[in-house]
Structures are given as structure tokens and as C-alpha cells.
Amino acid sequence: NLSKLNRQPGLGTILVGDDPGSLAYVEGKHRDSAQIGIKSIKVNLPATANTGEVIKAVKDLNQNTECTGFIVQLPLPSGVNSDEVLLAMDPDKDADGLHPINLGKLVLGAKSLVPCTPKAILALLNEYKIKLSGSKVLIIGRGATVGRPLSILLSQKQINSTVTLAHSATTNLLELIREADIVVAALGSTHFIKPAMVKSGAVLIDVGITRGATGLLGDIDPAVIKVASYFAPMPGGVGPMTRAMLLSNVIELAN
């Protein structure tokens with residue numbers, strides 16, 4: 001109930017350029033916000049914007065009292081320094097949980113905003129009462145938005161999973177997939193994981209995405225449903241929950 005909060009939550013977005021995918025993603029976030037009474041603050045910059053101009057937009061939202069949390073839509077154009085832009089954000093307004101201070105708190109196990117996709121994956125696992133303590137979790141992909149923060153989150157003391165973080169230099173990947181109780185795929189390779197690779201009853205979560213001739217495709221072949229106990233597909237699995245977690249973070253920041 002938003003009326004019980006100290007103030008009305010406000011979601012700010014900074015979009016640089018006119019990439020159709022990014023534009024649709026940002027518009028979806030504002031539609032979600034409108035449905036539950038979160039105020040929208042949109043900042044759209046041209047693709048020609050430089051690092052200084054994007055940082056100015058960040059500092060404006062830092063100061064904007066109507067904005068309780070905001071995101072910078074990634075990826076930014078190649079000429080913009082993403083690290084400098086994220087560092088300029090007020091950590092207390094970082095709705096994506098990707099500011100170095102918030103990621104540092106996650107590493108330390110201190111109270112912090114959790115990045116949206118890892119938070120969404122944990123919420124799904126908890127909703128379906130998947131056993132996490134002691135379970136072998138394999139995360140394929142070490143990106144800063146999903147793989148690395150998820151590995152830290154699931155290995156924390158209150159969750160207690162045994163986490164392996166695999167990547168492009170991992171030599172025994174097929175063996176690790178076969179042994180895992182839970183597999184989270186975030187490598188961006190279309191239908192890389194096939195039913196024969198996973199053990200019976202495994203939990204499979206797809207967060208990889210590639211654009212094929214037939215539309216958006218994930219890293220996991222949907223046929224795995226024949227052997228998996230649970231399967232979160234891409235698209236349609238983690239994605240909607242990630243959007244919900246963004247709104248959850250914005251509301252948390254308004255409290």
C-alpha cells in the first residue's frame with residue numbers, strides 16, 4: 001500500500017539514444033509504474049550525448065526530490081564512460097543496485113539494494129520453495145548485472161548455496177552442468193543447454209537472450225522441461241519478475 005509510505009515513489013530513467021529495444025524496455029517500466037501509482041520522470045538524451053552530459057542528467061536526478069530512485073538504461077553509446085556515469089549516481093537512489101557502494105554492501109552481506117535480476121531469480125526460487133541451502137548452483141556467465149552479484153547473493157550465510165561461477169575459460173562446463181541442482185544460464189548462446197546435458201529433476205533458469213529469425217531466444221532449449229523439475233524460460237520467466245523487482249526497489253527507496 002503506497003499510501004503508507006513517507007512520500008510518493010518516483011522512478012527516473014535516463015535513456016541515451018533511440019535503440020528500439022532500450023526504448024521499449026524503458027517504456028515498459030513506466031507503464032508498470034503508472035499501474036501501481038509510482039510517478040514517472042523520463043530523461044531522454046540524443047545518441048550524440050557525451051559522458052559529461054549524461055553525468056549532468058544523473059546529478060539532476062540526484063537532486064530531484066520527486067525522484068526516489070532511478071536507472072541509467074544500459075548499454076550506453078560507446079563514447080560514454082559507463083563506469084563514470086554509474087559512479088556519479090547517488091547510491092541511495094540507485095534503483096538497479098549497480099552502484100559500486102551497493103555492490104560492495106552486497107559483498108559484505110550488509111543491508112543494501114539487491115540488483116534487480118538476481119533479486120528476481122531469488123524471489124522465483126523462494127516462491128516455488130526450491131531448496132537452496134547446500135544445493136549446488138551453477139551460474140554460467142560472470143556479468144556485473146547478473147552472474148557475479150547472483151553468485152554473491154546465493155552464497156550468503158542466510159541462503160547457503162554452494163555456488164560455481166562458470167565462464168568462457170571454464171574447461172569442464174558439461175561436467176558442472178550435469179552435477180548442478182540449479183543451473184542459471186546467462187551466456188547469450190542460443191539454446192546452448194540441451195535436455196541431455198542436465199540431471200533429472202534439476203532447476204533451470206534462463207536469463208540469456210539472443211535475437212534470432214523467430215524472435216528473442218534464450219540459452220536453454222525449452223525441451224529441457226522433459227527432464228527439469230522447474231524451468232524459467234526466456235522470454236517470459238525472469239524478465240517480468242525483474243521489472244517487478246525494480247518497482248520493489250523504487251518503493252523501498254521511498255520508505
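Here's what I pulled together on the structure shown here. (Residues numbered from 1 in each chain as written. Predicted model: local features only at pLDDT ≥ 70, side-chain atom pairs only at ≥ 80, totals over all residues. Heavy atoms only, no water.)

Some details on the overall build of the protein
Right, so step 1: Check the secondary structure of the protein and you find eight helices and ten strands.
Right, so step 2: At 19 Å, the protein has a C-alpha radius of gyration in line with the 18 Å of a compact globule built from 255 residues.
Right, so step 3: Referenced to the eigenvectors of the C-alpha coordinate spread, the extents of the protein come out at roughly 50 × 40 × 30 Å.
Right, so step 4: Here the protein, with 255 residues, has 48% of them falling under the buried criterion.
Right, so step 5: A total accessible area of about 12,400 Å² is found for the protein, and carbon and sulfur atoms account for 54% of it.
Right, so step 6: Charge centroids of the protein, computed over 24 positive and 21 negative side chains, lie 6 Å from each other. (Helix = DSSP H or I, 4+ residues; strand = E, 2+ residues; numbered from the N terminus. Rg over C-alpha atoms; globule rule 2.2 N^0.38 Å. Buried < 20%, exposed > 50% of the residue type's maximum accessible area, 1.4 Å probe, protein only. Areas by Shrake-Rupley, 256 points an atom, 1.4 Å probe, with all protein chains shown as cover. Lys, Arg positive; Asp, Glu negative; His and termini not counted. Charge placed at Lys NZ, Arg CZ, Asp CG, Glu CD.)

As for the side chain of Asn102
Right, so step 1: Mapped onto the elements, Asn102 comes out in helix α4 (residues 100-108).
Right, so step 2: Asn102 gets classed as buried once you look at its relative accessible area, which sits at 5%.
Right, so step 3: Once you skip the residues sitting within four places of it in the chain, Asn102 turns out to touch Pro91, Asp94, Gly97, Ser112 and Leu113. (Contact = heavy atoms within 4.5 Å.)

Description of helix α1 (residues 20-36)
Right, so step 1: With 17 residues, α1 should reach 24 Å at 1.5 Å per residue; the first-to-last C-alpha distance of 25 Å fits that figure.
Right, so step 2: Buried within α1 we find Ser22, Val26, Gly28, Lys29, His30, Asp32 and Ser33.
Right, so step 3: Where α1 begins, one side-chain oxygen reaches toward the backbone nitrogen of Ser22, 2.8 Å away; that side chain belongs to Asp19.
Right, so step 4: Residue Gly37 follows α1 closely and has a positive phi angle near 90°. (Expected span 1.5 Å × (residues − 1). Polar contact = N/O pair within 3.5 Å; in protein donor to acceptor, adjacent residues only side chain to side chain.)

Quick word on the sheet that holds strand β10 (residues 230-232)
Right, so step 1: Strand order in this open sheet of five strands is β5-β4-β6-β7-β10, and the pairing throughout is parallel. Sheet topology places β5 (162-166) and β10 at the edges, where each strand pairs with a single neighbour. Taking each pair of neighbouring strands and ignoring which way they run, the sheet shows an average axis angle of 10°.
Right, so step 2: Sheet topology places strand β4 (residues 136-140) next to strand β6 (residues 182-185); four bridges connect them, and they run parallel. Of the residues in β6, the one forming a bridge with Val137 is Ile182. (Pairing = 2+ DSSP bridges. Axes fitted to C-alpha atoms, helices over the stretch in contact; angles between N-to-C directions.)

Some thoughts on the pairing of β5
Right, so step 1: Pairing analysis gives five bridges linking β4 to β5, with the strands arranged parallel. Across the sheet, residue Ile139 finds its bridge partner in β5, namely Leu165.
Right, so step 2: For the handedness criterion, the β-α-β arrangement of β4, helix α6 (residues 147-154) and β5 is classed as right-handed. (Right-handed = clockwise from strand over helix to strand, strands pointing away.)

Quick look at the sheet that holds strand β2 (residues 39-45)
Right, so step 1: An order of β2-β1-β3 is seen for the three strands of this open sheet, with the pairing classed as parallel. The open sheet is flanked by β2 and β3 (69-72), the only strands paired with a single partner. Ignoring strand direction, the axes of neighbouring strands in this sheet form an average angle of 15°.
Right, so step 2: Relative to β2, strand β1 (residues 10-16) runs parallel, the two being bridged by seven bridges. Across the sheet, residue Leu15 finds its bridge partner in β2, namely Asn44.
Right, so step 3: In the packing of α1 onto the sheet, the strands contacted are β1, β2 and β3, and the crossing angle to β1 comes to about 170°.

Some words on the state of the cysteines
Right, so step 1: Per the stated rule, a full pass over the model turns up zero disulfides.
Right, so step 2: Here Cys116 is not disulfide-linked; the sulfur of Cys67 is the nearest cysteine sulfur, at 14 Å. (Disulfide = S-S within 2.5 Å.)

Some words on unusual backbone geometry
Right, so step 1: In this structure, the amide linkage connecting Leu74 to the following residue, Pro75, adopts the cis form with an omega of 0°.
Right, so step 2: Within the element layout of this structure, Pro75 appears in the loop between β3 and α3 (82-88).
Right, so step 3: The omega torsion of the bond from Met234 to Pro235 falls at 0°, within 30 degrees of zero and hence cis.
Right, so step 4: Examined against the element boundaries, Pro235 turns out to sit in the loop between β10 and α8 (238-254).
Right, so step 5: Even without being a glycine, Lys129 presents a positive backbone phi close to 55°.
Right, so step 6: Within the fold, Lys129 resides in the loop between α5 (116-127) and β4.

Considerations on the packing of α4 against α6
Right, so step 1: Relative orientation of the contacting elements α4 and α6 amounts to 35°, with a least axis distance of 8 Å. On α6, the residues touching Leu103, Leu106 and Val107 of α4 are Pro149, Ile152 and Leu153.
Right, so step 2: Its residues placed into classes, the contact of α4 with α6 shows six nonpolar, no polar and no charged. (Nonpolar A, V, L, I, M, F, W, Y, C, P; charged D, E, K, R; others polar.)

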